[in-house]
Amino acid sequence: MTEFNHPVYPLVPSFLENEDLDIDTSEKYVKYLEENGAHVVMTTAGTSQFNLMTIEEVRIFNNIASKFGRKKILGLPPLSTRALLKEIHLLNEQAYEDAYIMLLFPDRYYHNEEIVKWAHEAADLSNYPVFMHGMFMRKGIGGTYNFSSDLYNDLIKHENIVGTKEETSDLGQAFNVVDGIRDRSFNIIVAGGTLRRFMFLNPAGAQTFLSGIGSFFPGIEEKFYEAHVEKDIDICKYIIREY
């Protein structure tokens, strides 16, 4: 049984005029989501704009996310094995409750074994359950590579790897990838296209989705998810059309 039965809200940071992370406003935003019905939040390289932060600011932002009173997934930037293990060690020292971490592979794709070794080493060290950031990668010989069912099935041989943020570039391919994941308790959070994508991939095994407009108005997507669980497709379609 999946651990995630609500939409997942990616945290949008605030910045000061000098481009430093705005800690006060970011804390208020996390509190706003909690007070308005959100059940799960996530920091992630894209929405949380890790590319605009120093590694120290990423740590601070994850600490802000950790104050959310329910589940939180703390994303990490694409890092070498040495740097990644350092960040996981620092997170372990914090002993956050109801927390997960999420890994983003830092290199071009050459073969599955390299990614599996990197992820399993991180999962060995982490005191937190681990999500993968399943974003497509550039291949070392040109073109792109999407996470495959085979790659996922190898990754989740490690008992501490429990889910993914699914970002397959082609929607039809995404259905086959999700459907091919053998462990049906593996947590699959759909990203990109959100509500429509979730409705398409849910029959294949995706359990929830990354929020869009819900990141500002959580009640909208909580209502959508509730309607989806109750198989009230008319409400689901109405919310998609309106918002």
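To be clear, the structure that these remarks concern was listed above.
Residues numbered from 1 in each chain as written. Predicted model: local features only at pLDDT ≥ 70, side-chain atom pairs only at ≥ 80, totals over all residues. Heavy atoms only, no water.

## Some words on a negative patch on the surface
Together, Glu-226, Glu-230, Asp-232 and Asp-234 make up a negatively charged patch on the protein surface. With respect to the helices, strands and loops of the structure, Asp-232 is situated in the loop between helix H8 (218-229) and helix H9 (233-242). Here Asp-232 falls in the partly exposed class, since its relative accessible area comes to 31%. (Patch = residues over 30% accessible without salt bridge, like charges linked within 9 Å, V, L, I, M, F, W, Y side chains within 5 Å. Areas by Shrake-Rupley, 256 points an atom, 1.4 Å probe, with all protein chains shown as cover. Salt bridge = Lys/Arg side-chain N within 4 Å of Asp/Glu carboxyl O. Lys, Arg positive; Asp, Glu negative; His and termini not counted. Charge placed at Lys NZ, Arg CZ, Asp CG, Glu CD. Helix = DSSP H or I, 4+ residues; strand = E, 2+ residues; numbered from the N terminus. Buried < 20%, exposed > 50% of the residue type's maximum accessible area, 1.4 Å probe, protein only.)

## Focus: the sheet that holds strand S3 (residues 71-75)
Pairing is parallel in the open sheet, where 8 strands are placed in the order S1-S2-S3-S4-S5-S8-S9-S10. The open sheet has two edge strands with one neighbour each: strand S1 (8-10) and strand S10 (208-209). Where strand S8 (residues 161-167) lies against strand S9 (residues 187-190), 4 bridges are found, and the strand directions are parallel. Opposite Thr-164, over in S9, you have Ile-188 as the bridge partner. (Pairing = 2+ DSSP bridges.)

## Description of the pairing of S3
Most of S3 is tucked away: 4 of the 5 residues are buried. In the sheet, strand S2 (residues 40-43) pairs with S3 via 4 bridges, with the strands oriented parallel. Bridged to Thr-43 within S3 is Leu-74. Handedness of the crossover joining S3 and strand S4 (residues 99-103) through helix H3 (residues 81-94) is recorded here as right-handed. (Right-handed = clockwise from strand over helix to strand, strands pointing away.)

## Here we look at H9
For H9, the full list of buried residues reads Cys-236, Ile-239 and Ile-240. For H9, the arc enclosing every buried residue in end-on projection is 100 degrees, short of the 170-degree limit, so these residues lie on one face. Facing away from the buried side of H9, by more than 90 degrees, are the exposed residues Asp-234 and Arg-241. Buried residues belonging to H9 abut helix H7 (194-201) and H8. (Arc of directions from axis to C-beta. Contact = heavy atoms within 4.5 Å.)

## Some remarks on helix H6 (residues 171-179)
Given 3.6 residues per turn, any residue in an α-helix points the same way as the ones three and four places further on. Along H6, the residues classified as buried are Ala-174, Val-177 and Val-178. With its buried residues spanning 90 degrees around the axis, H6 presents them on a single face. Buried residues along H6 sit in contact with helix H5 (149-155), S8, S9 and H7. Near the N-terminus of H6, the side chain that reaches the backbone nitrogen of Gly-172, with its oxygen 3.2 Å away, is that of Asp-170. (Polar contact = N/O pair within 3.5 Å; in protein donor to acceptor, adjacent residues only side chain to side chain.)

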